[in-house]
Amino acid sequence: MTDTGDKAISLLIKEKAYNMGFDLCGIAPARILEEHESIIKSWCSSGMNGMITYLGQNIKKRINPALQVPGAKSVIVTGLNYYADKKQGGDGIPVISRYAYGKDYHEVIKGKLNEILDYILILNPGAKGKCFVDSSSVLEKAWAREAGLGWPGRHSILINKNIGSFFFLGVIMLDIVVDYDEPVREDHCGKCRLCIDSCPTGAINENRTLDVRKCIAYLTIESKNPVPEDIIPKMGGRIYGCDKCQEVCPWNENAKPNRTLEFQISDGLKKMTTEDWLNLTSEQFDRLFKNTPVRRRTYERFMRNITSVTKSDS
Ligand code: SF4
Ligand code: SF4
């Protein structure tokens, strides 16, 4: 039992999360996500995971919270909106995905989660917990569904009925029992298939799996290989990520611009012309993307994408 009481502590955690600027916060009871073992294995064995081979390793750890936090009882999941209504690029100017407009979300969210965890430790000094942001060792999307934040759309991205899908997830695993939210078991995509039909490369399968080998987001961010020749003409100017399947989703029709100062686009990025992108030097790259998620990749990989897009335009 917690000192403050299960329900009270849950309410306080959520109040803290909203005060920290999070748009969503839900809590799930920790359990072994057994059903995901076969899902991960079958996706990896199909080859559709491309170079994301690490997912197929240490699966037991990925699905079992107790192997992350001994005695784990609760999984808190937060959502932080990153939507920007004004798009960078377009009209021939290379395009960057919205999630990369501002400061590195890993840092921004980790800071907020750590503050929530510190607060929980004040409420319950005996508790132990750990924070995760976009960590390959935690099935964040599955936990978000368990915690009532939303359901995975046909494009595999989590959708929340109120804020759509342009949000980052954060997770705190705790070894104390608190009060829990209902999971989202329904699928609210209905008969819609706009994301499947709008994906420029046909990367979204009918069975709700994604073939990352065709996905522009994966090919421009994760993949170490050159962008495949057959994908290049379909890139549509996208040099880092792709928002197309989210842009067409009806659940994003009323998406509101994010309120997080760190996620606002810099003037430097806003002003970039096609010429500037083509002539970007390594020093300019460092300056332009300092402390942003783009800086997690090398200048060379970034320029590979610009060269590919240029080829598609020629
Ligand atoms: S991110 Fe782009 S390429 Fe990837 S599935 Fe969505 S629309 Fe297709
Ligand atoms: S575009 Fe339609 S099918 Fe795709 S995720 Fe959104 S609601 Fe679901």
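Placed above this text is the structure.
Residues numbered from 1 in each chain as written. Chains lettered and ligands numbered in written order. Predicted model: local features only at pLDDT ≥ 70, side-chain atom pairs only at ≥ 80, totals over all residues. Heavy atoms only, no water.

Undergrad: Pulling in residues and values, what's your account of the packing of aromatic side chains?
TA: The tally for this structure, following the rule as stated, stands at 16 aromatic pairs. Ring geometry for Tyr83 against Phe166: centres 5.0 Å apart, planes inclined by 50°, an arrangement best described as tilted. Separated by 83 residues along the polypeptide, Tyr83 in the loop between strand S2 (74-81) and strand S3 (95-96) and Phe166 in the loop between strand S6 (158-159) and strand S7 (167-174) bring together distant segments of the chain. Seen in terms of ring centroids, Phe285 and Phe302 are 5.3 Å apart; in terms of plane orientation they differ by 45°. Their pairing is tilted. Of the two residues, Phe285 sits in helix H11 (residues 282-288) while Phe302 sits in helix H12 (residues 299-313), which places them 17 residues apart along the sequence. The class for Phe285 is buried, based on a relative accessible area of 0%. (Phe/Tyr/Trp six-rings, centres within 6.5 Å; stacked < 30°, edge-to-face > 60°. Helix = DSSP H or I, 4+ residues; strand = E, 2+ residues; numbered from the N terminus. Buried < 20%, exposed > 50% of the residue type's maximum accessible area, 1.4 Å probe, protein only.)

Undergrad: Just give me the short version of unusual backbone geometry, but keep the residues and values in it.
TA: The backbone of Arg208 shows a phi angle near 65°, a positive value even though the residue is not glycine. Its location among the elements puts Arg208 in the loop between helix H6 (194-198) and helix H7 (216-221). Positive phi outside glycine occurs at Asn291, with the angle close to 65°. Structurally, Asn291 can be placed in the loop between H11 and H12.

Undergrad: Just give me the short version of empty space enclosed by the protein, but keep the residues and values in it.
TA: Leftover empty space is mapped by rolling, across the atoms, a probe with the size of a water molecule. Inspection of every chain in the model, using the stated rule, returns 1 cavity of 30 Å³ or more. Considered as a void within the structure, the largest cavity measures approximately 90 Å³ in volume. In terms of lining residues, the largest cavity is bounded by 13 residues, among which Ile159, Cys189, Cys192, Cys195 and Cys249 are the most central. Of the residues that constitute the lining of the largest cavity, the class distribution is 8 nonpolar, 3 polar and 2 charged. Composition of the lining of the largest cavity by domain shows at least three residues from each of domain 1 (6-85 + 99-174) and domain 2 (194-252 + 265-313). (1 Å grid on protein atoms, 1.4 Å probe; cavity = no way out; pocket = protein on both sides within 12 Å on 5 of 7 lines; lining within 4 Å. Points joined across faces, edges and corners; volume = space filled by probe spheres on them. Nonpolar A, V, L, I, M, F, W, Y, C, P; charged D, E, K, R; others polar. Domains from an automatic or database assignment.)

Undergrad: Requested: an account of the environment of Tyr299, with residues and values cited.
TA: When you line up the elements, Tyr299 lands in helix H12. Taking the C-alpha atoms as reference points, Tyr299 and Asn258, 41 residues apart in sequence, are found 28 Å from one another. The residues touching Tyr299, leaving out its near neighbours within four places in the chain, are Leu280, Thr281, Ser282 and Phe285. A distance of 2.6 Å separates a polar atom in the side chain of Tyr299 from the backbone oxygen of Leu280. (Contact = heavy atoms within 4.5 Å. Polar contact = N/O pair within 3.5 Å; in protein donor to acceptor, adjacent residues only side chain to side chain.)

Undergrad: Hey, could you go over the site of ligand 1 for me, with residue numbers and the actual values?
TA: Around ligand 1, the surrounding shell consists of Cys199, Pro200, Thr201, Ile204, Leu210, Cys215, Ile216, Cys242, Lys244 and Cys245. Tallied by class, the residues present in the shell around ligand 1 amount to 8 nonpolar, 1 polar and 1 charged. (Near = heavy atom within 4 Å.)

Undergrad: So what's going on with the sheet that holds S7? Residues and values would help.
TA: Strand order across the open sheet formed by 4 strands is S1-S2-S7-S4, with antiparallel pairing between neighbours. Because the sheet does not close on itself, it has two edges, and the strands there are strand S1 (24-29) and strand S4 (129-132). Strand-to-strand twist in this sheet, taken as the mean axis angle between neighbours without regard to direction, amounts to 20°. The strands that helix H1 (residues 6-19) touches are S1, S2 and S7; relative to S1, the one it contacts most, it runs at about 150°. The strands touched by helix H4 (residues 105-123) within the sheet are S2, S4 and S7, with S7 carrying the most contacts at an inclination of about 35°. (Pairing = 2+ DSSP bridges. Axes fitted to C-alpha atoms, helices over the stretch in contact; angles between N-to-C directions.)

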